[in-house]
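What follows is each chain in one-letter form.
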Amino acid sequence: MSRSVVGCGGQGKTLAACLQDVARPQGRREGLCVPGSMSMGVSSLNRLFLTELYCLSWFIDVSESQGPGATLQSFSFNCSPYIPTLELLHVQPPTTFFNPPSLTRWQGTYVGKMTLSSSARLDALTVNHYELQLRFTCGNQVTEGRLSVNVQRDPNRDQCAGRFASPAGEIIQVRETVTPGTPLYTLLLPGQGAQMNITSAQDPPYFPGPFSIDGQGQLWAPSQGLKGQAQKVFQLQILVTFGQGRSCRGMLTVKVLPVSSSQVSFPQQAQNITIPENLVPGSKVAQVHARGFDVRYEIVSPVPCRLFSIARVDGVVRTTAPLELAQAPDAAVTRLRVKAFERLRPWDSAELDFQVDVQSVNRWPPRCLPALLVTQIPETTPVGTFVNTFTCTDPDSPGSTLDYQLLFHSPASASSLCLRDGVLEVNDTLDCDAPGACLQHTASILVLDSGQPPMTTEVPVLVMVTPVNEFSPTCVSRTFWVREDARPHTLLGSVMGTDLDYPHDSIEYSISGGSGPFAVDSLNGEVHLLGPLDYELQKSYRLTVLLTDHSQDQDPTCHRSGSCTITIEVEVPSRMTPLLVTDTEVFWQPEPWFVVVLTVTSALLLLGLGWFLSWLLRGLTQVLQTSSKPTQALLLNSIQGTKGSIEGFVEAPRMETPQAPSSVMSLHHFDGRAQDSHEFPFFQTILHLGPLSLQTSSQYLCLPPDIHYLLFS
């Protein structure tokens, strides 16, 4: 056994150097420190004890004669206070010849072993080198290494194995119509230069002629053929001789099969089969049936067939793997070729081609990102502007075409938005300058896939249109007149401001510059007088009223302003001209209770009508007598002044009113009337006065006590 050591880096090192390398603390090693080449017999056991880690051989030589359970390598190590693990990650080329490494505790240390599995059949001529990837874990320390196993030829090993070396031997079935002298079978044996001979007797009449075998292991049919030898079985003992006196024996059994008059055939023609993609593995797809005796079935194309299999006896085609088209698009169409043949005469066969179409199953609705569209746009957004974008895919069929529909909820028939190729755009001019025009558009985007049945996904949409302060407030210049003797807080007029932005009344008024004795209400634009006016000092005022809008933009600090000029003219109060009485009139004004009494006591009215009329006439006569006497005198005698101070004088003629005083005599001119009634609640007297001029301001106009109304012109 060789003891040269190959280090962790692959360089030759002594064992002490290897131990020093292993003792260094490392987090993870790509290679394990191992003894180098090592020959191993059937029962050889090599152990190497280390304090912290271990050195594992890189190369192990194993004889091909080693059988299942044989120990390939054994090693021990200490991993206190942790519990270590040893794993076999993979073997190259893949094989099941090696068991997972075992790990046992022995005398305070852990012992690991690599052994051959129960299926191990080492053959140096088939595979002479294996690579085993091992992983050792001790606490937080993880070490991986590669163990190479070289399979050595065993010169003493019997080369005849398998069915050929079994007592029954290898069985060969041939038709009786086989061509004479054609190869029937090839015996593969390891090594070169082996000689093969048929040692069993082949005497007629049982044998139609001798079978022959050459040095390459090919068995040849008799030169006379096998016609008429149906149902016969020929056993051939074969001696295989190797060099140096080594040999082995085996048997080949040849069964001659008759040719049947019936032929295998499929009654149905080529067909297409459609199945859903959600079939689980093992689901039945179809069943084929062929005519013939003891028919067997197999799939001859494609080989290997990854998605489907066929039962050898009953011809049922089943799925062997998931058919999800999203993960396996190539599973959409599969063309299968099925071969049917007789079990005892496999050459009697027929083939059937058919196509399996996998149809997608619409199990999942489209998925959209984002799942909710919420955005806000200003009312000045141009037509065609992208509002928002989203992406939808169909999990059942990625890349398939989806259909989009825009459904409005509020307002129900909005045309401000549209959907083009999955993109939400502004379709019409947005306006917030009319009552109720600036809206929150609530809608849904309905996404439909192309599967059967169609499935949909609804994406809620909320688009808030925000106002923009586009227009400046305006007002019309005006002129107000005010009397010189007007009192403070007198309303002069109102400035009417307008703003095209909504809401239209969101305007604040103010006076820019000097306001004088005037003020403007900031909310309604009313102009009020604050102080006294003097016509002699200033006859006219010009004020600049500033209008500023508010609450008309998403940005509360965004304002627009405008202005207009207000002119205020101061007026002198007009002098009143005294009037003379020209005529009088008396009218009757009944009380409301009188009407009620007449209505309620209509039955009694006929009985007391005479008495009531006499009483009414007496009262009416007294009124006429009392009111007519003062009109005969000069009404202006009481005016104090010098003689001739009155330029014009008109005597009011006395008038008698014999009938009901309901007539009114016209005047030359009058501006208004003053009324008062004290003595008679039902009658009032009106005096119509003509124009009268007074020369001095100390003159007064005195009226009789019976005059209730003065009309001035």
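For the structure, see preceding data.
**Q** Give me the lowdown on the state of the cysteines, citing residues and values where you can.
**A** For the structure on display, the rule yields three disulfides. Disulfide pairing places Cys-79 opposite Cys-138 at an S-S distance of 1.7 Å. On the S-S bond that ties Cys-79 to Cys-138, the torsion sits near 115 degrees, and the link is right-handed. Highlighted residues: Cys-79 in the loop between β6 (71–77) and β7 (85–92) and Cys-138 in strand β10 (residues 129–138), separated in sequence by 59 residues. With a sulfur-sulfur separation of 2.0 Å, Cys-368 is cross-linked through a disulfide to Cys-392.

**Q** Give a detailed account of the pattern of salt bridges, specifying residues and quantitative values.
**A** Following the criterion strictly, the structure yields eleven salt bridges and no others. Among the ionic pairs, Arg-153 bridges to Glu-64, the shortest N-O distance being 3.6 Å. Residue Arg-153 is found in the loop between β11 (141–152) and β12 (170–175), and its partner Glu-64 is found in the loop between β5 (59–63) and β6; the two are separated by 89 residues along the sequence. Notably, a salt bridge pairs Arg-343 with Asp-294, separated by 2.6 Å at the nearest N-O pair. One end of the pair, Arg-343, is in the loop between β24 (333–342) and β25 (349–359); the other, Asp-294, is in the loop between β20 (284–287) and β21 (295–301), with 49 residues separating them in the sequence.

**Q** So, the environment of Gly-145: which residues are in play, and what are the values?
**A** Among the secondary structure elements, Gly-145 is positioned in strand β11. The buried category is assigned to Gly-145, whose relative accessible area is 2%. Taking the C-alpha atoms as reference points, Gly-145 and Gln-133, separated by twelve residues in sequence, lie 5.9 Å from one another.

**Q** Could you give an account of the packing of aromatic side chains, naming the residues involved and the relevant values?
**A** The description of an aromatic ring pair rests on the distance of the ring centres and on the angle between the ring planes. A full pass over the atoms with the stated rule returns nine aromatic pairs. Between Phe-98 and Tyr-130 the ring centres are 5.3 Å apart and the planes differ by 75 degrees, which places this aromatic pair in the edge-to-face class. Remark: Tyr-130 occurs in strand β10 and Phe-98 occurs in the loop between β7 and β8 (102–106); sequence separation between them is 32 residues. The exposure class of Phe-98 is buried, given its relative accessible area of 8%. Exposure remark for Tyr-130: the relative accessible area of 3% places this residue in the buried category. Both rings, one in Phe-211 and one in Phe-234, keep their centres 5.6 Å apart while their planes meet at 55 degrees; by these two values the pair is tilted. Of the two residues, Phe-211 is situated in the loop between β14 (195–198) and β15 (212–213) and Phe-234 in strand β17 (residues 233–241); the sequence distance between them amounts to 23 residues. Residue Phe-234 is classed as buried on the basis of its relative accessible area of 0%. Between the NZ or CZ atom of Arg-367 and the centre of the ring of Trp-364, over which it lies, the distance is 5.7 Å. A cation over a ring is seen here: Lys-539 above Tyr-535, with NZ or CZ 5.1 Å from the ring centre.

Cut-offs and rules
- Residues numbered from 1 in each chain as written.
- Predicted model: local features only at pLDDT ≥ 70, side-chain atom pairs only at ≥ 80, totals over all residues.
- Heavy atoms only, no water.
- Disulfide = S-S within 2.5 Å.
- Helix = DSSP H or I, 4+ residues; strand = E, 2+ residues; numbered from the N terminus.
- Salt bridge = Lys/Arg side-chain N within 4 Å of Asp/Glu carboxyl O.
- Buried < 20%, exposed > 50% of the residue type's maximum accessible area, 1.4 Å probe, protein only.
- Phe/Tyr/Trp six-rings, centres within 6.5 Å; stacked < 30°, edge-to-face > 60°.
- Lys NZ or Arg CZ within 6 Å of the ring centre and 35° of its normal.

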